[in-house]
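So the chains spell out like this:
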Amino acid sequence: MKIVNTVKEMQKIVDTHKKNGDRIVCVPTMGYFHEGHLSLMRIARDYGDIVITTLFVNPTQFGPNEDYQRYPRNFQRDVELASSVNIDYLFSPSVEEMYPDNYHTKITVSKFTDKLEGVKRPGHFDGVATIVAKLFNATKPEVAIFGQKDYQQVLVVKQLVKDLLYDINIVVAPIVREPDGLAMSSRNVYLSQEERNIAPEIFRALNLGIEAVQKGEKRRKIINSIVIEHLRKFPQFFVDYVSAVNAEDFSEPNEFHSGDKIVILVAVFLGKTRLIDNMITTVP
Ligand code: AMP
């Protein structure tokens, strides 16, 4: 695995590979790798010849009161973990490299961004869309792998690719969980022991919502309240949102219909730590 720090060098490398007919697969990340990230890198192997993982904690997707400064970072550990899954390149640019002269162009995706994360984290998806476009221009992939963990982000990235005519296939990888159900996240290291013990209740709450749908519940508000009620049993949670939405168009009908693919999305604060998770099902 080779570490690359500049856009110019990265572009030169991918151009050479492309001349040889290699297919490039990109896995964008903010580092502090866990098994979720590594699963994306392994899946990437199946989609091309050259796997590039990008490691960049993107300042523009964090709000002023969010955790950019204290976001967990450990470059040496990330290098070891990424090498262990045999990726070809780790693209790890500096903030100055990705935002020379600050920046004067940003990308706003207006579909899928007016709800949930888009409302709770103003400007977040502008930061995501802008950095994803820049990372695509640096790595020129045929395929890019994103995790279902950030469900709304996947929809935003797919829209970006469609609208800006990127010839890139977006592949969505399943959520990797701890044995007790907690979705893996770099932010889980923020949790105290007590918070960590309660955190899997997010997974249990989502399961209760999904079970209700499977048993025939179609009313959106009832599905939401089943999930919220479980979370409310634990006063340590502050529920930021719980929302069952149509998984394809993100609509919020009063009632779902048989055959609808729905996703239940949750964001909670546990102490100062904000955790998100989701689960998908099809209405029977
Ligand atoms: P992050 O470093 O948190 O920005 O995540 C980088 C990529 O890994 C994103 O596409 C995430 O959706 C994905 N990801 C994060 N956590 C998980 C997880 N537990 N399972 C699968 N993919 C994940």
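Here the residue numbers are simple positions, counted from 1 along each chain's written sequence. This being a predicted model, a pLDDT of at least 70 is required before a residue's local features are given, and a value of 80 or more before pairs of side-chain atoms are given or counted; all residues contribute to the totals for chains, interfaces and linings. Computation of side-chain values covers all heavy atoms of the structure but excludes hydrogens and water.

Caption draft 1: Region of interest: the pattern of salt bridges. By definition here, a salt bridge exists when the distance from a side-chain nitrogen of Lys or Arg to a carboxyl oxygen of Asp or Glu is within 4 Å. Using the criterion set out here, one finds 15 salt bridges in the structure. Between Glu142 and Lys18 there is a salt bridge; the shortest N-O distance is 2.8 Å. With Glu142 in the loop between α6 (124-139) and β5 (143-147) and Lys18 in helix α1 (residues 7-19), the pair connects residues that are 124 residues apart, well separated along the chain. Per-residue accessibility, obtained with a 1.4 Å probe over protein chains only, is compared with the maximum for each type, and a residue is labelled buried under 20%, exposed over 50%, and partly exposed between these values. Under the relative-accessibility criterion, Lys18 is labelled partly exposed at 28%. With a closest N to O distance of 2.7 Å, Glu35 and Arg42 form a salt bridge. Classification of Glu35 as partly exposed rests on a relative accessible area of 32%. The partly exposed category is assigned to Arg42, whose relative accessible area is 39%. Helix and strand assignments follow DSSP, with helices taken as H or I runs no shorter than four residues and strands as E runs no shorter than two, numbered in order from the N terminus.

Caption draft 2: Representation of the sheet that holds strand β9 (residues 273-282). Here, strands pair whenever DSSP counts at least two bridges between them. Read across the open sheet, the three strands follow the order β7-β8-β9; overall the sheet is antiparallel. Because the sheet does not close on itself, it has two edges, and the strands there are β7 (237-246) and β9. Between one strand and the next, the sheet's axes are offset by a mean angle of 15 degrees, whatever the strand orientation. Two elements, β7 and strand β8 (residues 261-270), share nine bridges in a ladder whose sense is antiparallel. Residue pairing across strands places Tyr241 opposite Ala267, the latter belonging to β8. Comment: axis = line fitted to C-alpha atoms, over the contacting stretch for helices; angle = value between 0 and 180 degrees taken between N-to-C directions.

Caption draft 3: Highlighting the site of the ligand. Every one of the 17 residues lining the ligand counts as a neighbour, but His37, Gly147, Asp150, Val176 and Met184 are closest to it. Polar contact is defined as a pair of N or O atoms within 3.5 Å, subject to the rule that within protein one atom must be able to donate a hydrogen and the other to accept it, and that residues adjacent in sequence are counted only when both atoms are side-chain atoms. Here an oxygen atom of the ligand sits 2.8 Å away from a polar atom, N or O, in the side chain of His37. Met184 places a polar main-chain atom, nitrogen or oxygen, 2.9 Å from a nitrogen atom of the ligand. Alone, the ligand offers 480 Å² of accessible surface; in the complex the protein occludes 93% of this. Among the elements of the structure, β2 (24-29), α2 (35-45) and β5 are those that each provide at least two residues to the shell around the ligand. The leading source of residues in the shell around the ligand is α2, at three residues. Here a residue counts as near a molecule or strand whenever at least one of its heavy atoms sits within 4 Å of it. Per-residue and other accessible areas follow the Shrake-Rupley method at a 1.4 Å probe size, with only the shown protein chains counted as cover for residues.

Caption draft 4: How the structure looks around the nonpolar core. If you look at the biggest cluster of nonpolar residues, it comprises 46 residues, and the most contacted ones within it are Phe91 and Phe136. Listing elements by their share of this core, those giving two or more residues are α1, β3 (50-55), β4 (89-91), α6, β5, α7 (151-163), β7 and β8. Among the elements that make up this core, the one with the highest residue count is α6 (nine residues). Delimitation of the domains relies on an automatic or database domain assignment. For this core, the domains that each give at least three residues are domain 1 (2-173) and domain 2 (186-277). Here, nonpolar core means buried Ala, Val, Leu, Ile, Met, Phe, Trp, Tyr and Cys residues that are tied together by side-chain atoms lying within 4.5 Å of each other. Grouped together as the second largest cluster of nonpolar side chains are 25 residues, Ile223, Val227, Val239 and Val268 included.

These results come straight from atomic positions and should not be treated as a statement about function.
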